[in-house]
Amino acid sequence: MKIEILGMGCARCRDLEQRTRTALAETGLAAEVEKVDDIQRIMAYKVIATPGLIIDGAVKAAGRIPSVDEIKKWISESLNE
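Residues numbered from 1 in each chain as written. Predicted model: local features only at pLDDT ≥ 70, side-chain atom pairs only at ≥ 80, totals over all residues. Heavy atoms only, no water.

Visitor: How should helix H1 (residues 11-27) be read in this particular structure?
Guide: Because an α-helix packs 3.6 residues into every turn, residues spaced three or four apart end up facing the same way. With 17 residues, H1 should cover 24 Å at 1.5 Å per step; its first-to-last C-alpha distance of 24 Å lies within 8% of that length. Residues of H1 that are buried: Cys-13, Leu-16, Glu-17, Thr-20, Ala-23 and Leu-24. Along H1, the residues classed as buried sweep out an arc of 125° about the axis, all on the same side. Turned more than 90 degrees away from the buried face of H1, the exposed residues are Ala-11 and Ala-25. Buried residues along H1 sit against strand S1 (2-6), strand S2 (32-36), strand S3 (52-55) and helix H3 (68-80). Immediately beyond the C-terminal end of H1, within one or two residues, lies Gly-28, with a positive phi of roughly 75°. (Helix = DSSP H or I, 4+ residues; strand = E, 2+ residues; numbered from the N terminus. Expected span 1.5 Å × (residues − 1). Buried < 20%, exposed > 50% of the residue type's maximum accessible area, 1.4 Å probe, protein only. Arc of directions from axis to C-beta. Contact = heavy atoms within 4.5 Å.)

Visitor: Would you explain the sheet that holds S2 in this entry?
Guide: The strands making up a sheet are joined through hydrogen bonds of the backbone, oriented either antiparallel or parallel. The strand order across the open sheet formed by 4 strands is S2-S1-S3-S4, and the pairing between neighbours is mixed. Strand pairing shows two members of the sheet lacking a second neighbour, S2 and strand S4 (58-62), which therefore form its edges. When strand polarity is set aside, the average angle formed by the axes of neighbouring strands in this sheet is 20°. Pairing between S1 and S3: 4 bridges, direction antiparallel. The residue bridging Leu-6 from the neighbouring strand is Gly-52, located in S3. (Pairing = 2+ DSSP bridges. Axes fitted to C-alpha atoms, helices over the stretch in contact; angles between N-to-C directions.)

Listed below in structure tokens is the structure:
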């Protein structure tokens, strides 16, 4: 599983990264978590507002910080696809 955190390093982006890592720890799953601050890569996902959360290439959230429970749900759904 690959998870990407899109953003330029603002506090909201760091918060999303921390929530994502918390969700992974609570589920006991391992995943590659990559911070993406390259504007061209961010735009390739058609994400206009950051932070953004990408799980296995699918945009799950953009412009907001989802809860840990939402992130855990998306991680679980990604495993079942």
